[in-house]
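# Architecture at a glance
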Amino acid sequence: MSTKIQIDDLEFANRPVDGHKGTFGKVAVIGGSLGMSGSITLSATAALRGGAGLVTAAVPQSIQAIVAGYEPSYMTVALPTDVHGQLAAVDADIVTELLDGKSAVAIGPGLGQTKLAADLVLAVLKQADCPVVLDADALNLAAEFELLHGIPRRSRWVITPHPGEFARLTGESISHVSANRESLAERFAAEHELTVVLKGANTVVTDGSRTYVNQTGNSGMATGGSGDILTGLTAAVLGQHADALEGAILAVYVHGIAGDLAAEALSQRGMIASDLLRFLSAAWRNLSHEPSD
Ligand SMILES: NC(=O)C1=CN([C@@H]2O[C@H](COP(=O)(O)OP(=O)(O)OC[C@H]3O[C@@H](n4cnc5c(N)ncnc54)[C@H](OP(=O)(O)O)[C@@H]3O)[C@@H](O)[C@H]2O)[C@@H](O)CC1
Ligand SMILES: Nc1ncnc2c1ncn2[C@@H]1O[C@H](COP(=O)(O)OP(=O)(O)O)[C@@H](O)[C@H]1O
Ligand SMILES: [Mg+2]
């Protein structure tokens with residue numbers, strides 16, 4: 001039986017007045033592919049809007065210029081590609097350099113599901129000594145290649161599946177997942193010793209012993225890319241916050257507020273994922289303990 005957490009139970013530190021960009025975390029987001037450059041672009045921008053001091057998007061070389069062209073405030077690193085522009089084998093040295101000094105990393109949006117992508121996910125999981133957010137194709141690959149077993153430091157991992165991805169991870173049907181969201185998320189988190197963010201209306205966040213059910217957000221967020229934004233936002237918060245569960249809860253809560261503010265201004269029908277980026281600033285201001293931040 002898990003303890004239920006309310007948002008008011010959590011305490012979130014204000015940003016130190018003398019903080020510099022190193023104080024607020026160096027975040028890497030890894031993913032993207034030809035045709036899915038948007039996913040990782042949204043994640044990287046969301047990491048910036050989540051307050052990270054420095055953000056680097058590591059993407060296949062074939063889409064680097066597209067990703068870099070969207071937003072000048074983050075950096076980009078090229079991952080090797082084959083002649084077709086698809087992800088090639090990524091040397092351990094590249095992963096080591098990418099993870100060096102990072103306070104959080106997110107991997108998966110738009111990454112694709114090749115064996116070489118699985119090798120990259122595994123290398124990141126093995127090498128990272130910072131919090132890791134696993135989403136989208138990183139989760140699909142984790143399901144296919146059983147990547148969530150046997151690697152230490154899993155308590156610093158946050159997985160952010162939607163019900164389809166969670167069904168792949170658990171081997172259950174989507175309808176069974178949808179009918180048993182809390183209990184299945186709690187069981188998976190406890191078994192794998194990590195934090196699960198099971199997305200959808202009333203997102204469940206749990207480490208297996210403590211569980212939060214989110215009340216913010218709306219079905220206007222059921223639009224491609226909304227989850228990619230949560231991925232980058234969660235990495236940014238984890239890069240500034242010690243506890244995986246509490247950081248994930250804050251990210252989910254604020255993401256939903258941004259969605260509610262976007263819906264209020266633009267309508268649920270009319271809003272799109274990139275609108276969430278613009279409303280994240282107002283969402284942070286909305287947190288009562290950060291009146292002037
Ligand atoms: N701009 C870009 O570049 C974008 C790129 N993207 C990238 O695309 C890649 C594929 O990711 P994806 O999520 O689109 O496909 P996939 O994993 O097959 O999931 C679909 C399955 O899950 C189910 N399902 C989902 N939610 C559910 C719910 N709440 N409740 C219940 N069921 C739910 C859904 O159900 P159905 O629709 O069949 O009812 C279906 O069965 C990935 O790399 C991602 O990062 C996207 O991020 C978009 C923007
Ligand atoms: N009806 C809803 N109510 C609240 N939030 C929702 C609703 N539908 C989707 N969302 C949120 O939108 C995001 C969708 O994530 P995901 O399915 O991974 O999208 P994508 O992969 O296209 O970015 C999740 O954070 C989810 O909780
Ligand atoms: Mg997604």
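Before any of the text, the structure's been laid out above.
All values reported here derive from a predicted model rather than from experimental measurement.

Scoring rules and cut-offs
Residues numbered from 1 in each chain as written. Chains lettered and ligands numbered in written order. Predicted model: local features only at pLDDT ≥ 70, side-chain atom pairs only at ≥ 80, totals over all residues. Heavy atoms only, no water. Salt bridge = Lys/Arg side-chain N within 4 Å of Asp/Glu carboxyl O. Helix = DSSP H or I, 4+ residues; strand = E, 2+ residues; numbered from the N terminus. Buried < 20%, exposed > 50% of the residue type's maximum accessible area, 1.4 Å probe, protein only. Axes fitted to C-alpha atoms, helices over the stretch in contact; angles between N-to-C directions. Parallel < 35°, antiparallel > 145°, perpendicular 65-115°, else oblique. Contact = heavy atoms within 4.5 Å. Nonpolar A, V, L, I, M, F, W, Y, C, P; charged D, E, K, R; others polar.

### Quick word on the pattern of salt bridges
Summed over the entire model, instances satisfying the criterion amount to nine salt bridges. Of the charged contacts in the structure, one is a salt bridge between arginine 210 and glutamate 246, with a shortest N-O distance of 4.0 Å. Pair noted here: arginine 210 is in strand 10 (residues 210-213) and glutamate 246 is in helix 10 (residues 244-266), with a separation of 36 residues, a long-range link. In this structure arginine 210 comes out as partly exposed when scored by relative accessible area, which is 27%. One network of salt bridges, in which partners are shared, links Asp207, Arg210, Asp243 and Glu246.

### Some thoughts on the packing of helix 1 (residues 37-49) against helix 11 (residues 273-286)
Relative orientation and spacing of two packed helices are given, respectively, by the angle between their axes and the distance between those axes. Relative to each other, helix 1 and helix 11 sit at 10 degrees, their axes nearing to 10 Å. In terms of orientation, helix 1 lies roughly parallel with respect to helix 11. Residues Leu42, Thr45, Ala46 and Arg49 of helix 1 lie in contact with helix 11, whose contacting residues are Ala273, Ser274, Leu277, Leu280, Ser281 and Trp284. The residue inventory of the contact of helix 1 with helix 11, partitioned by class, reads six nonpolar, three polar and one charged.

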